[in-house]
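Residues per chain are reported as follows:
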Amino acid sequence: MATAKKSAAGAKKAAAKKSSAKTAKKAAPAKKAAAKKAAPAKKAAAKAPAKKAAAKAPAAKKAAAKAPAKKRALNPALAAPMQPSGELSAVIGNKPMPRSEVAKQIWAYIKKNGLQDQVNKRNINADDNLRKVFGGKNQVSMFEMTALVNKHLKPAS
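Treat the numbers as computed from the prediction; the structure is a model and nothing was measured.

1. Examining helix α5 (residues 99–113)
Then, number 1: Here α5 is 15 residues long and its end C-alpha atoms lie 21 Å apart, about the 21 Å a rise of 1.5 Å per residue gives.
Then, number 2: Along α5, the residues that are buried comprise Val102, Ile106, Tyr109 and Ile110. For α5, the arc enclosing every buried residue in end-on projection is 95°, short of the 170-degree limit, so these residues lie on one face. Residues of α5 that are exposed and point more than 90 degrees away from the buried face comprise Lys104, Lys111 and Lys112.
Then, number 3: Against the buried residues of α5 lie α4 (86–92), β2 (123–125), α6 (128–133), α7 (142–150) and β4 (153–155).
Then, number 4: Looking at the residues trailing α5, positive phi occurs at Gly114, about 60°.

Take a look at the structure:
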């Protein structure tokens, strides 16, 4: 039987070489389809014992699915108010606020003053106020910016 498959495959290859490119493209999917049909038969035999075990599992899943979904708790470390330094307060204000709000305020300042680099949007061009926060750098990436801003935040007392 293996020799019959090899000779059939050889005949298909010879026919594909002789025919045009369109025919060759159509012959290739036919081979793949034949291979795919043979593979599921093997998988079905292997899955048969697993189906018996899976028949018991849905009862447990149904009970778990009926439980009401709980809302994910907010991480208190992210929600804790932080006091900005003097340099950072020139940009976002002096009120204590959580880190998420600090990030929103900084991005609002950047967008309002057009400080995002036009060529590479991941870079922020510093103005006089932001240069103090960025440690004297004229341009920082948005990923570097978070680390630099965190140096200017202290827990509010």
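That was the structure; now back to the text.
2. Some words on the pattern of salt bridges
Then, number 1: In total, this model carries two salt bridges according to the counting rule given.
Then, number 2: Arg131 is the partner of Asp128 in a salt bridge, and the nearest nitrogen-oxygen pair spans 3.1 Å. Taken as a pair, Asp128 and Arg131 lie in helix α6 at a separation of three residues, close to a single helical turn.
Then, number 3: With a relative accessible area of 58%, Asp128 lands in the exposed category.
Then, number 4: We classify Arg131 as partly exposed; its relative accessible area is 26%.

3. Remarks on the nonpolar core
Then, number 1: Counting 20 residues, the largest nonpolar core has Leu130 and Phe134 as the members making the most contacts within it.
Then, number 2: Of all elements in the fold, only α4, α5, α6 and α7 reach the threshold of two or more residues within this core.
Then, number 3: Here this core gets four residues from one element, more than from any other, and that element is α5.
Then, number 4: With sequence-adjacent residues up to four places away left out, Leu130 is seen in contact with Val91, Tyr109, Ile110, Leu115 and Ile124.

So, how was this worked out
Residues numbered from 1 in each chain as written. Predicted model: local features only at pLDDT ≥ 70, side-chain atom pairs only at ≥ 80, totals over all residues. Heavy atoms only, no water. Helix = DSSP H or I, 4+ residues; strand = E, 2+ residues; numbered from the N terminus. Expected span 1.5 Å × (residues − 1). Buried < 20%, exposed > 50% of the residue type's maximum accessible area, 1.4 Å probe, protein only. Arc of directions from axis to C-beta. Contact = heavy atoms within 4.5 Å. Salt bridge = Lys/Arg side-chain N within 4 Å of Asp/Glu carboxyl O. Core = buried A, V, L, I, M, F, W, Y, C linked by side-chain atoms within 4.5 Å.

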